[in-house]
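# An overview of the molecular structure
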Amino acid sequence: VQLQASGGGLVQAGGSLRLSCATSERTFSRYGIGWFRQAPGKEREFVAAINWSGGNPDYSNLVKGRFTISRDNANNVVSLQMNSLKPEDTAVYFCAASPSSGPYSQAYFPLPVWGQGTQVTVSS
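So, here is what we can say about the structure in this document.

Cut-offs and rules
- Residues numbered from 1 in each chain as written.
- Predicted model: local features only at pLDDT ≥ 70, side-chain atom pairs only at ≥ 80, totals over all residues.
- Heavy atoms only, no water.
- Phe/Tyr/Trp six-rings, centres within 6.5 Å; stacked < 30°, edge-to-face > 60°.
- Helix = DSSP H or I, 4+ residues; strand = E, 2+ residues; numbered from the N terminus.
- Buried < 20%, exposed > 50% of the residue type's maximum accessible area, 1.4 Å probe, protein only.
- Salt bridge = Lys/Arg side-chain N within 4 Å of Asp/Glu carboxyl O.
- Pairing = 2+ DSSP bridges.
- Axes fitted to C-alpha atoms, helices over the stretch in contact; angles between N-to-C directions.

### A look at the packing of aromatic side chains
Tallied over the entire structure, the rule returns 5 aromatic pairs. Centroid distance Phe-36 to Phe-109: 5.2 Å. Interplanar angle 75°. Geometry classified as edge-to-face. Linking Phe-36 in strand S4 (residues 32–38) with Phe-109 in the loop between strand S9 (91–98) and strand S10 (113–123), this pair joins segments that are 73 residues apart in sequence. A residue is classified by how much of its surface remains accessible, and Phe-109, at 10% relative accessible area, is buried.

### Remarks on the pattern of salt bridges
Between side chains of opposite charge, pairing is possible as soon as their charged atoms come close. A full pass over the atoms with the stated rule returns 3 salt bridges. Across the pair Arg-37 and Glu-45 runs a salt bridge whose closest N-O atoms are separated by 2.6 Å. A residue is classified by how much of its surface remains accessible, and Arg-37, at 6% relative accessible area, is buried. For Glu-45, a relative accessible area of 27% puts it in the partly exposed group. Here Asp-89 ties to Arg-66 by a salt bridge, and the two come within 2.8 Å at their closest N and O atoms. In this pair, Asp-89 sits in the loop between strand S8 (77–82) and S9 while Arg-66 sits in the loop between strand S6 (58–59) and strand S7 (67–72), placing the two residues 23 residues apart along the sequence. For the pair formed by Asp-89 and Arg-66, the shared burial category is buried.

### Section: the sheet that holds strand S1 (residues 4–6)
Each strand in a sheet pairs with another by means of backbone hydrogen bonds, the pair being arranged parallel or else antiparallel. The strand order across the open sheet formed by 4 strands is S1-S3-S8-S7, and the pairing between neighbours is antiparallel. In this open sheet, the two strands that pair with only one neighbour each are S1 and S7. Looking at each pair of strands side by side, their axes are set apart by 15° on average, direction ignored. Taken together, the 6 bridges between strand S3 (residues 17–22) and S8 define a ladder with antiparallel strand orientation. Bridging across to S8, Arg-18 finds its partner in Gln-81.

Now the structure itself:
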């Protein structure tokens, strides 16, 4: 499955952005979709993920309560609504697909197929 991430940009601290991960492939609904991020000089880290049905999303403790992941299988898109953004949220955000049904975490997102990243910059 080929994924296309979009929606990144520059925002002030406290602001919001909405990222999208989309594909034209019909197999999209068979995959769990996750968002990861990588800041300069740091390793890629898990942000959030959602299974094929859209139920029971998983979040990193760093974003829980501020970010919301959702999916629309009819339109082959997974969204990440990011509110109350902080400068430490600055990173390149990647979406990825996994054939696993979850639950997902930094330690468990097997066989990922990566999309390209989108830059999110939060100014203080």
